[in-house]
Amino acid sequence: MNPRLKSVARDLGEACQAQVMGEVEIKKELDNCVQEILNGNFQDGDQTGNLSSILWNFANRMGMKVKMQRKIEAQTDRAVANVVKEIVKEDEVKNCYQSAQIAICSNHEECKVRPGIDVTADFTATEVINVVKGLRLYENIFTGSEISKLKNFVDELRTAGQEDKLTGDTFVLYNKNIEGGKREYIQLGVPIHEAPQQIQKRIQPLPPFIQDLINHLMLWNLLPKQRNPNSCVIRYFDEGEFSSPFVKPPYLEAYIATLVLADSNIAFGHALPCDEVGNYRGALVLSIKEGSIVVMKGNCLDVSNHAICASSNRRVSVSFFCVRRK
């Protein structure tokens with residue numbers, strides 16, 4: 001690694017940990033580092049990406065709202081996540097997930113239109129009324145490399161959570177000794193499990209990679225345009241594990257969108273009976289392929305509940321919510 005870059009990165013890492021710099025000094029340090037990037041003093045892509053990532057982590061830890069965010073992101077390359085991981089390990093800087101400025105696509109100009117996405121709508125499952133009206137399934141969305149990026153990102157987040165490197169209640173694990181009933185998830189942005197005006201939990205904001213993913217889903221018209229999601233929950237299911245039925249709380253609105261990163265079965269229905277090993281019987285049980293997204297609105301959001309069934313494979317679901325804030 002370039003010695004000059006390493007020195008700057010270490011200085012920033014130490015400042016993150018110490019958090020003793022005044023606001024004027026912070027701004028000066030940020031401006032100097034951004035100028036280093038914009039002047040092209042670090043020509044190597046990995047090194048430039050590393051500097052910008054450390055800079056972003058530094059800014060977030062200090063609570064700064066950096067106006068030059070786009071300039072920083074423009075200098076970031078796809079190798080940032082691995083490089084930052086090494087630097088963070090060296091300097092023991094926590095909350096490293098916010099450093100990952102990696103984008104979901106490799107060429108944004110080419111991905112503004114995403115052809116070939118398969119859409120299935122007009123699902124019907126009657127429990128007095130059609131409880132899945134408003135359900136849409138999107139398939140063949142991502143390339144193989146994009147799915148790999150998604151998997152790597154959620155795996156790194158899980159490791160960070162298990163190693164106690166995420167803030168407050170960002171990482172949640174309970175019932176770990178109950179066969180099939182373990183609950184392990186990461187919550188980002190606005191929490192959804194209690195009314196926002198009552199909750200006192202401290203969780204981390206949406207990381208740049210997740211925000212970039214949301215932006216692309218909006219760009220490809222996969223998420224309804226009336227509202228950007230402000231909350232994300234990543235759930236981890238090992239072999240044989242299943243979720244509890246998700247019952248929509250009153251402060252969720254607009255829609256719920258769930259991306260699955262392995263083949264999964266999701267059951268929908270107002271009533272969701274389940275046997276002891278996690279096989280749900282709903283009005284509709286949908287088999288969903290890896291990399292697909294289900295969007296729930298209308299009756300599917302307001303009337304139907306949903307649950308992820310047990311399976312012999314490991315699965316990860318990434319769900320996006322619109323939480324009404326007081």
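Residues numbered from 1 in each chain as written. Predicted model: local features only at pLDDT ≥ 70, side-chain atom pairs only at ≥ 80, totals over all residues. Heavy atoms only, no water.

## Describing the overall build of the protein
- From N to C terminus, the protein includes eight helices and 13 strands.
- In the protein, buried positions account for 52% of the 326 residues.
- In the protein, 76% of the contacts between residues at least 6 apart in sequence involve partners at least 24 apart.
- Just so you have it, the protein exposes about 15,900 Å², and 46% of that area is on carbon and sulfur atoms. (Helix = DSSP H or I, 4+ residues; strand = E, 2+ residues; numbered from the N terminus. Buried < 20%, exposed > 50% of the residue type's maximum accessible area, 1.4 Å probe, protein only. Contact = heavy atoms within 4.5 Å. Areas by Shrake-Rupley, 256 points an atom, 1.4 Å probe, with all protein chains shown as cover.)

## Some words on the sheet that holds strand β9 (residues 264–269)
- A sheet is described by the order of its strands in space; here three strands give the open sequence β10-β9-β12, paired in antiparallel fashion. The two strands at the open ends of the sheet, each matched to only one other strand, are β10 (284–288) and β12 (305–308). With direction set aside, neighbouring strand axes in the sheet form an average angle of 20°.
- For β9 and β12, the ladder comprises four bridges, and the chain directions are antiparallel. Bridging across to β12, Phe268 finds its partner in His306. (Pairing = 2+ DSSP bridges. Axes fitted to C-alpha atoms, helices over the stretch in contact; angles between N-to-C directions.)

## Structural notes on the pairing of strand β6 (residues 183–189)
- Where burial is concerned, most of β6 is hidden: six out of the seven residues are buried.
- Taken together, the four bridges between strand β5 (residues 171–174) and β6 define a ladder with antiparallel strand orientation. Within the sheet, the bridge partner assigned to Phe171 lies in β6 and is Ile186.
- The pairing of β6 with strand β7 (residues 231–237) spans five bridges and is classified as antiparallel. In the sheet register, Tyr185 faces β7, and the bridge partner there is Arg235.

## With respect to the nonpolar core
- Of all hydrophobic cores here, the largest spans 40 residues; its most connected members are Phe142, Leu217, Ile234, Ile293, Val318 and Phe320.
- At the level of elements, α6 (144–162), β6, α7 (208–219), β7, β8 (252–260), β11 (293–296) and β13 (315–323) are the ones that each hand at least two residues to this core.
- If sequence neighbours within four positions are ignored, Val318 has contacts with Val154, Cys232, Val233, Ile234, Ala257, Thr258, Leu259 and Leu261.
- Ile266, Met296, Ile308 and Val323 belong to the second-largest nonpolar core, a separate cluster that totals 29 residues. (Core = buried A, V, L, I, M, F, W, Y, C linked by side-chain atoms within 4.5 Å.)

## Structural notes on the pattern of salt bridges
- Tallied over the full model, the rule gives twelve salt bridges.
- For Arg158, the salt bridge identified is with Glu184, shortest N-O distance 2.7 Å. Taken as a pair, Arg158 in helix α6 and Glu184 in strand β6 lie far apart in primary sequence, 26 residues in all. Each member of the pair, Arg158 as well as Glu184, carries the same accessibility label: buried. (Salt bridge = Lys/Arg side-chain N within 4 Å of Asp/Glu carboxyl O.)

## Quick word on the side chain of Asp238
- Note that Asp238 resides in the loop between β7 and β8.
- Given a relative accessible area of 17%, Asp238 falls into the buried group.
- Setting aside residues up to four positions removed in sequence, Asp238 forms contacts with Arg158, Lys182, Asn313, Arg314 and Arg315.

## Details of the side chain of Glu146
- Of note, Glu146 is situated in helix α6.
- Of the residues examined, Glu146 reaches a relative accessible area of 5% and is grouped as buried.
- Sequence-distant contacts of Glu146, defined by excluding residues within four places in its chain, comprise Ile104, Cys105, Arg114 and Ile141.

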